[in-house]
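Here are the chains, one letter per residue:
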Amino acid sequence: MPALFATGFTIGSFLFSMKSVIIRTLKEDVYDHEIYQNKVCQKIAANENIGFYDNLSNFSNLLMKAISWSFISAISQISFGFFESWWASIICLLAAIISWCYLGKAIYEVHANWQDALDYADKTARSKHKEVIEKQKQNPF
C-alpha cells in the first residue's frame, strides 16, 4: 500500500501546484480565442443556456475533484492501511480507483483542450499567412 500512498500524494500535489497554470493557459489559448467565442455566440443565439467560460469552470471543478480524491486516496492509505482487514483494503483501493478515474478524465480533457488550442492557432496562422500561401501556389520557385 505504500505505493498507492506515494502515487496519490504525488499526483494530488502536482495537480494542485499546476491547476492555476493549466486553467490560466487554457483560458488564454482556448476560451479567450475569437473562434471559440464565436462558437459560443452561435450557441447563445440558438437559445442554449451557456456562458463563455462554463466549460473552463467545469474543467476547473474536475481538476479539483481529481486533486481531492488523490489526497483522499493517500490519506486512506496512511489511516485505514494500518488495519489488516478486508474492509480497510476495499476502502483504500476504492479511493485509489476513484482518484484514477478522475485523473484519467482530467488528462482526457487537457488533451482535448490543447487540441482545440492547436487547431485555433493553426487557423489563425493560416489566415494571417494566406497571401504568402497563395503566392507560393502561383509561383512555387
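These notes cover the structure that comes with them. Values in this document were obtained by computation on a predicted structure and should not be read as measured data.

## Quick notes on the overall build of the protein chain
Then, number 1: Check the secondary structure of the protein chain and you find 5 helices and 0 strands.
Then, number 2: Helices and strands in the protein chain line up, N terminus first, as α-α-α-α-α.
Then, number 3: Rg of the C-alpha trace for the protein chain: 22 Å, well past the compact-globule value of 14 Å for 141 residues, more than 25% over.
Then, number 4: When contacts within the protein chain are restricted to residue pairs at least 6 apart in sequence, long-range pairs at least 24 apart make up 74% of them.

## Details of a nonpolar patch on the surface
Then, number 1: Together, Phe83, Trp86, Trp87, Ile90 and Ile91 give the surface a local cluster of nonpolar side chains, amounting to about 570 Å² of exposed area.
Then, number 2: Within the secondary structure, Ile90 sits in helix H4 (residues 86-128).

## Considering the nonpolar core
Then, number 1: Counting residues in hydrophobic clusters, the biggest one holds 19 residues, and the most contacted among them are Leu15, Leu26, Val30, Tyr31, Phe59 and Leu63.
Then, number 2: Among the elements of the structure, helix H1 (2-31), helix H2 (34-45), helix H3 (54-79) and H4 are those that each provide at least two residues to this core.
Then, number 3: Contacts of Leu15, omitting those with residues within four sequence positions, involve Leu63, Ala66, Ile67 and Leu103.

## Points about the packing of aromatic side chains
Then, number 1: Here the structure, examined in full by the defined rule, presents 1 aromatic pair.
Then, number 2: Between Tyr31 and Tyr36, the aromatic rings sit 4.8 Å apart at their centres with planes inclined by 75 degrees, giving edge-to-face as the arrangement.

## Brief notes about the environment of Met64
Then, number 1: Looking at the element boundaries, Met64 is found in helix H3.
Then, number 2: Met64 gets classed as partly exposed once you look at its relative accessible area, which sits at 34%.
Then, number 3: For Met64 and Leu15, which are 49 residues apart along the polypeptide, the C-alpha to C-alpha distance reads 8.4 Å.

## What to know about unusual backbone geometry
Leaving glycine aside, a negative phi is the common case for residues, and trans is the common case for peptide bonds.
Then, number 1: Unlike most non-glycine residues, Asn47 shows phi in positive territory, near 70 degrees.
Then, number 2: As for its position among the elements, Asn47 is in the loop between H2 and H3.

## Considerations on the packing of H3 against H4
Then, number 1: The interhelical angle for the contact between H3 and H4, taken along N-to-C directions, is 155 degrees, at an axis separation of 8 Å. When the interaxial angle is binned, H3 and H4 end up roughly antiparallel. Here the hand of the crossing between H3 and H4 comes out left-handed. Where H3 abuts H4, its residues Phe59, Leu62, Leu63, Lys65, Ala66, Trp69, Ser70, Ile72, Ser73, Ser76 and Gln77 lie against Cys92, Ala95, Ala96, Ile98, Ser99, Tyr102, Leu103, Lys105, Ala106, Glu109 and Val110.

## What about the pattern of salt bridges?
Then, number 1: Taken as a whole and judged by the stated rule, the model has 3 salt bridges.
Then, number 2: Residues Asp32 and Lys27 are paired through a salt bridge, measuring 2.8 Å at the closest nitrogen-oxygen approach.
Then, number 3: Here Glu109 ties to Lys105 by a salt bridge, and the two come within 2.9 Å at their closest N and O atoms. A residue pair is termed a helical-turn pair when its members lie 3 or 4 positions apart in one helix, as Glu109 and Lys105 do in helix H4 at 4 residues.

Rules behind the numbers
Residues numbered from 1 in each chain as written. Predicted model: local features only at pLDDT ≥ 70, side-chain atom pairs only at ≥ 80, totals over all residues. Heavy atoms only, no water. Helix = DSSP H or I, 4+ residues; strand = E, 2+ residues; numbered from the N terminus. Rg over C-alpha atoms; globule rule 2.2 N^0.38 Å. Contact = heavy atoms within 4.5 Å. Patch = residues over 30% accessible without salt bridge, like charges linked within 9 Å, V, L, I, M, F, W, Y side chains within 5 Å. Areas by Shrake-Rupley, 256 points an atom, 1.4 Å probe, with all protein chains shown as cover. Salt bridge = Lys/Arg side-chain N within 4 Å of Asp/Glu carboxyl O. Core = buried A, V, L, I, M, F, W, Y, C linked by side-chain atoms within 4.5 Å. Buried < 20%, exposed > 50% of the residue type's maximum accessible area, 1.4 Å probe, protein only. Phe/Tyr/Trp six-rings, centres within 6.5 Å; stacked < 30°, edge-to-face > 60°. Axes fitted to C-alpha atoms, helices over the stretch in contact; angles between N-to-C directions. Parallel < 35°, antiparallel > 145°, perpendicular 65-115°, else oblique. Left-handed = near helix turned anticlockwise from the far one by under 90°.

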